[in-house]
Amino acid sequence: MLFLSILFFAVELSSIRAEEFSSPWHYVCEAGLCKKLEITRNVTFPLSLGTCQLFCGEAGGLWPKPTGHLSLGNFVVQLNPDDIELHEIDPLSRAGTLLQRNVEILKKDIRTLGGKSVKAGGKGLIIHVAKTMDANDVKLTLNTTENYTLSINQLEDGKINASITTKTYFGARHALETLSQLIVFDDLRGEIQIVRDVYVVDGPVYPYRGILLDTSRNFMDKDSILRTIKAMSMSKLNTFHWHITDSHSFPYVSRTYPNMSKYGAYTPSKVYTQRDIQEVLEFGLLHGVRILPEFDAPAHVGEGWQWVGGNTILCFAGEPWKSLCVEPPCGQLNPSSEKVYEILEGIYRDMIKDFKPDLFHMGGDEVSVSCWRTSEDLSKWMINKGWNSSDSSYYKLWDYFQEKAYERLKKANDGKDIPAILWTSHLTDENNIQYLDPNTYIIQIWTDAKDSTIRRLIKNNFKMIFSNYDALYLDCGFGAWVGEGNNWCSPYKGWQTVYENSPLAISRQNGITPNQLHLILGGEAALWSEQVDSSSVDFKLWPRSAALGERLWSEPSSTWRHAEHRMLKHRERLVQKGIGADSLEPEWCAQNQGSCYA
C-alpha cells in the first residue's frame, strides 16, 4: 500500500521581487491540484508549475506511481547538472559500467531542461548505490527482483545525497528513473531544481510488462526501435516483444539460412543484422528492457520461404485469401515436411545465439485448417497416421507440429528447456487444451477480456500475459487497410481504456484464487504494423503505453481520473526526450488543472 506524505512545502531560494520573474503566474497546491494565480508583491515564494507538480497530488509528479512508501519533503534546491557523481560501486563491474552510463544519460537529459535559460550554479549531487547489489548479474528473468529504495537528503557540505538500495542492476536503474523525475526546470527562476528530503520504497506488481512491436508488415528502422525502448524505460516497462517476421516479410538475417532475408526482406536495406540486434540488446539492457524474439509458426509465414521447396509451405499468397487466412498474404507451414523442422531448428539456433533470451515466443495463433485442407499430400500423410479429415484431426496435426517445433527449439538451446509463449488459439479451446503443458507454455491472451479461455487457463494452471485486444491493441480505431470503413478491432483504445485494463480484476472475474495470483505474469500492449511504420510509431505507442506501465507496475486501485495530471506531465517528459508522443489535451488544461472535466 502506497503511503504518501507531502508536507506544506516551500523553496530554498532567495527572495526575488515579483517583477523579476519571467511570468506573472505562479501555482499553489490545493486539493491535489496545482492552481494558477497571479504573482503579487505579497507572494514570498512563488512556485512554477513544474515545481508545484513535484509535490501536488496522489503521487507527486512520479510515473508510474510507487507501490510502497513515498515521502516528499518540503524543499527543493537548485541542482548543478555538471556536478553529479556515482559512488560506492565497482566501476569495472558489468552493473557499474551500465549505471555509470545511465548517470551520464541523466546528466545529459538534465542539461537540456530549460535550454539556454538555465542559470549557472546549484548544489552537487552524489548518487550512492549500496553494496547489497550483485554487480555482475545483469540478466533479466521473470524471477529478477526489480525493487529499490531511494532516499534523498542534504549533506553537511551542502551537496545533495541520493542513496539507492537494491539487489539488482534493474532495481538501481529504476531508482535512477525515479530520481530523474524528481528534477525539474523552474521557469520562473531559470533554475534546475531537485526535491530534497525524499524516501521511496518501490517495486513492480508484475514481472512481465511489455510492448509488442511488429516489424514485418511494415519495416521499422533501428532508431524507431531504440526510441521505443527508451520510452519504455521511462515508464518502467521491461519487455520489448519483437514480432520480427510474418507472412509479409522476413527482415531477420539468419546466419544459417541467409536466403530467408534475401528472398523475404522488402529491400536489401530493410533487414536486421546480427550487429543491429546486438545494438538493440545492449540498448535494452542499458535501459532495463529485455528483448524477446518471436518466430510465429505454423501460420504467419510466407515471404522468405520461396527458396526452400520440398512442399514446406502451403497456400502461400493463395486466393481467395479470405477462405485461407485472416489477411493477405496467406502462408502456413506443412507439418508433414521434415524439411520444415530442419529449417526451424536453424532459425531457432540463430535467434537464441543472437538474442540470448530467457523466454522464447513461438507465436502459434490464427492457424487455418482450410489452408491445410488444400494439400492432397498432407491429407494422405494424415490418413497414413490414422487420422481423418475432421477438425479434431487437424488439431492433432497442429499439436504434432507444436511438439516437434518445441523439440527443435530445445535442441537449439543446447538441449535445455526454455519457457515458451503461445498466443491463445484453438489449442487453448476446451477440447484441445490437454495438448499443452502448463510447465512448458505461457499463454498470451489476445482475445477480449470476456473470453472464457481465461477461466480455462486459470483452471489448468497456465501462467498468463494479458494483451486482450479490447484494451491493449494499439492499432485499433483507424481506417481499414483492406476494403473500407474502420479496421476490425475498432474503436480506438484511449489511454484511459489502457489504464483501466487490470489483469488482476479480469482474473478475479474468472475465478482466480489468492493462491493462483502467481499465474498472472503481467501484460503487453501490441502494435501490429499494417498501418504504421517508422514515421508514425511514436504517436501510436505513446503516451498510451505509459498508461500500461503504471497499470502493470502499480496495479492502482484508483481510476485514470486520479492519474490524469501526472499523465499529462509524463507525456511532456516523453516529448522532452525526443519521443513523438501524441497530444492528449490542450496545454491550457495542464496549466489550469481541474478545468477540463467531462
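In what follows, the structure referred to is the one given above.
Residues numbered from 1 in each chain as written. Predicted model: local features only at pLDDT ≥ 70, side-chain atom pairs only at ≥ 80, totals over all residues. Heavy atoms only, no water.

Caption draft 1: Local environment of the state of the cysteines. Considering all chains together, one arrives at six disulfides under this definition. Here Cys-34 connects covalently by a disulfide to Cys-52, the sulfurs 2.3 Å from one another. Sign of the S-S torsion, about -105° for the bond between Cys-34 and Cys-52, identifies this disulfide as left-handed. Taken as a pair, Cys-34 in strand β3 (residues 33–38) and Cys-52 in helix α1 (residues 49–55) lie far apart in primary sequence, 18 residues in all. Residue classification places Cys-34 among the buried residues on the basis of a relative accessible area of 1%. Note that Cys-315 is cross-linked by a disulfide to Cys-371, the S-S spacing being 1.8 Å. With the S-S bond torsion at -90°, the cross-link from Cys-315 to Cys-371 turns out left-handed. Of this pair, Cys-315 sits in the loop between β13 (313–314) and β14 (332–333) while Cys-371 sits in helix α8 (residues 369–372); the two residues are 56 residues apart in sequence, bridging distant segments of the chain. (Disulfide = S-S within 2.5 Å. Helix = DSSP H or I, 4+ residues; strand = E, 2+ residues; numbered from the N terminus. Buried < 20%, exposed > 50% of the residue type's maximum accessible area, 1.4 Å probe, protein only.)

Caption draft 2: Representation of empty space enclosed by the protein. The tally for this structure, following the rule as stated, stands at two cavities of 30 Å³ or more. In terms of lining, the largest cavity is formed by 18 residues, of which the most central are Ala-299, His-300, Cys-325, Val-326 and Gly-331. For the lining of the largest cavity, the residue count by class is nine nonpolar, six polar and three charged. Computed from the structure, the second largest cavity encloses a volume of approximately 40 Å³. (1 Å grid on protein atoms, 1.4 Å probe; cavity = no way out; pocket = protein on both sides within 12 Å on 5 of 7 lines; lining within 4 Å. Points joined across faces, edges and corners; volume = space filled by probe spheres on them. Nonpolar A, V, L, I, M, F, W, Y, C, P; charged D, E, K, R; others polar.)

Caption draft 3: Representation of the packing of aromatic side chains. Tallied over the entire structure, the rule returns 27 aromatic pairs. Ring plane angle 50° and centroid distance 5.8 Å describe the contact between Trp-423 and Trp-528, whose orientation is recorded as tilted. With Trp-423 in strand β16 (residues 420–423) and Trp-528 in the loop between β19 (520–527) and α15 (537–541), this pair connects stretches of sequence that are 105 residues apart. The class for Trp-423 is buried, based on a relative accessible area of 2%. By relative accessible area, which is 10% here, Trp-528 ends up buried. A centroid spacing of 5.8 Å and a plane angle of 80° characterise the contact between Phe-478 and Tyr-492, whose relative ring orientation is edge-to-face. With a gap of 14 residues between them, Phe-478 in the loop between α12 (469–472) and α13 (495–500) and Tyr-492 in the loop between α12 and α13 connect regions that are remote in the sequence. Accessibility expressed as a relative area gives 21% for Phe-478, which makes it partly exposed. Three or more aromatic residues joined by ring pairs make a cluster, and in this case those are Phe-219, Phe-240, Trp-242, Tyr-252, Tyr-272 and Phe-355. Directly above the ring of Trp-25 sits Lys-36, whose terminal nitrogen or CZ lies 5.0 Å from the centroid. (Phe/Tyr/Trp six-rings, centres within 6.5 Å; stacked < 30°, edge-to-face > 60°. Lys NZ or Arg CZ within 6 Å of the ring centre and 35° of its normal.)

Caption draft 4: Representation of the packing of helix α9 (residues 376–384) against helix α10 (residues 391–412). α10 packs onto α9 with a crossing angle of 90° between their chain directions and a minimal axis gap of 12 Å. The orientation of α9 relative to α10 falls into the category roughly perpendicular. Packed against α9, whose contacting residues are Leu-378, Ser-379, Trp-381 and Met-382, the element α10 presents Ser-393, Tyr-394, Leu-397 and Tyr-400 at the interface. Along the lines of polarity and charge, the residues of the contact of α9 with α10 split into six nonpolar, two polar and no charged. (Axes fitted to C-alpha atoms, helices over the stretch in contact; angles between N-to-C directions. Parallel < 35°, antiparallel > 145°, perpendicular 65-115°, else oblique. Contact = heavy atoms within 4.5 Å.)

Caption draft 5: Structural detail: the packing of helix α2 (residues 94–112) against helix α3 (residues 169–181). Relative orientation of the contacting elements α2 and α3 amounts to 10°, with a least axis distance of 10 Å. In this view, α2 runs roughly parallel relative to α3, as classed from their interaxial angle. Contact residues: Ala-95, Leu-98, Leu-99, Asn-102, Val-103 and Leu-106 in α2; Tyr-169, Ala-172, Arg-173, Leu-176, Leu-179 and Ser-180 in α3. Classifying every residue of the contact of α2 with α3 by side-chain character gives nine nonpolar, two polar and one charged.

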